[in-house]
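# Results of the structural survey
Read off the chains here:
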Amino acid sequence: MIMKRVIIAIISLLALLSVMIYVGIPIPLSPIAERLERLTGSQLGRNVAIGGPVRLIVSLHPSLQIGGLTIDNPPDWTIEQPFLRAREGSGSIDLLALLRGEIRIERLTLDSVAIDLITRSDRSTNFSFASSPRPPDGETSAHEFTGLDLVSLSNIELSYLDEFSEQHYTFTIEEAQGC
């Protein structure tokens with residue numbers, strides 16, 4: 001009798017988990033936003049801020065959804081305007097790679113993106129990223145970032161300022177994708 005109840009409970013739990021995976025139930029993860037900011041910032045070598053909700057969508061291709069993403073300019077820059085702002089974003093993660101200890105993003109999507117590219121008069125740029133950023137003090141990850149397959153941006157405002165030639169260009173792009 002007890003064994004029958006245990007089997008029914010296990011089957012019910014598996015059925016519920018299957019429905020969650022099939023439907024893509026969101027799980028709020030906003031309490032880990034600060035840790036996600038620090039880890040992402042350490043990979044990029046810049047401050048990263050998440051101003052909106054963070055959710056994990058459980059499915060066969062799990063994804064992380066974030067709101068209000070901001071990536072600052074390099075640490076030695078005094079310009080207050082950030083390098084990148086996005087209203088919302090999501091990233092689809094390769095589950096099998098994650099189980100092997102690798103972080104491989106299958107698709108990164110950002111919407112309502114503002115990017116400010118700047119070349120200073122000394123020819124330094126805010127769009128060159130460090131090749132091997134160091135992790136913040138005490139922050140480590142057991143997973144290694146191994147790749148990004150597809151980036152998709154929509155509703156983009158791209159600004160380029162060349163301080164050396166004093167030229168400023170602004171582009172509005174509806175959608176862009178890259179591998």
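Residues numbered from 1 in each chain as written. Predicted model: local features only at pLDDT ≥ 70, side-chain atom pairs only at ≥ 80, totals over all residues. Heavy atoms only, no water.

### A few points about helix α2 (residues 33-44)
With 12 residues, α2 ought to run about 16 Å at 1.5 Å a step, and its terminal C-alpha atoms sit 16 Å apart, in line with that. Residues of α2 that are buried include every one of A33, E37, G41 and S42, and no others. Buried residues along α2 sit against β2 (48-50) and β3 (54-58). A positive phi of about 75 degrees marks G45, the residue just after α2. (Helix = DSSP H or I, 4+ residues; strand = E, 2+ residues; numbered from the N terminus. Expected span 1.5 Å × (residues − 1). Buried < 20%, exposed > 50% of the residue type's maximum accessible area, 1.4 Å probe, protein only. Contact = heavy atoms within 4.5 Å.)

### Regarding unusual backbone geometry
Here the phi dihedral of S112 falls at roughly 55 degrees; this positive angle occurs in a residue that is not glycine. Relative to the helices and strands, S112 resides in strand β6 (residues 102-119). Since its relative accessible area comes to 28%, S112 is described here as partly exposed.

### Observations concerning the side chain of S63
For S63, the location among the structural elements is in strand β4 (residues 63-71). Its relative accessible area of 13% is what places S63 among the buried residues. Ignoring any residue separated from it by four or fewer positions in sequence, one finds S63 in contact with R55, L56, I57, G91 and S92.

### Brief notes about the packing of aromatic side chains
One pair of aromatic rings is described through two measures. These are the centre distance and the angle between the planes. One pass over the full model with this rule turns up 1 aromatic pair. With a centroid separation of 6.5 Å and an interplanar angle of 15 degrees, the aromatic rings of Y160 and Y169 are classed as stacked. With a relative accessible area of 22%, Y160 lands in the partly exposed category. Judged by its relative accessible area of 40%, Y169 falls in the partly exposed class. One Lys or Arg, R120, reaches over the ring of W77 and ends 3.8 Å from the middle of that ring. (Phe/Tyr/Trp six-rings, centres within 6.5 Å; stacked < 30°, edge-to-face > 60°. Lys NZ or Arg CZ within 6 Å of the ring centre and 35° of its normal.)

### Let's talk about a nonpolar patch on the surface
On the surface, I2, M3, V6, I7, I10, I11, L14 and L17 cluster together to form a nonpolar patch covering roughly 800 Å² of accessible area. Inspection of the secondary structure puts L17 in helix α1 (residues 2-23). (Patch = residues over 30% accessible without salt bridge, like charges linked within 9 Å, V, L, I, M, F, W, Y side chains within 5 Å. Areas by Shrake-Rupley, 256 points an atom, 1.4 Å probe, with all protein chains shown as cover. Salt bridge = Lys/Arg side-chain N within 4 Å of Asp/Glu carboxyl O.)

### Let's talk about the pattern of salt bridges
Opposite charge on two side chains makes pairing possible when the charged atoms of those side chains draw close. Scanning all chains against the criterion turns up 7 salt bridges. Across the pair R85 and D116 runs a salt bridge, and its minimum N-O distance is 3.1 Å. Of this pair, R85 sits in strand β5 (residues 84-93) while D116 sits in strand β6, and the two are 31 residues apart along the sequence. As a salt-bridge pair, D111 and R87 come within 2.2 Å of each other at their nearest N and O atoms. Taken together, the residues span a long stretch of sequence, with D111 in strand β6 and R87 in strand β5 at a distance of 24 residues. When salt bridges with common partners are traced through the structure, they connect D94, R104 and D149 into a single cluster.

Scope: geometric values only; no functional claims are made or implied.
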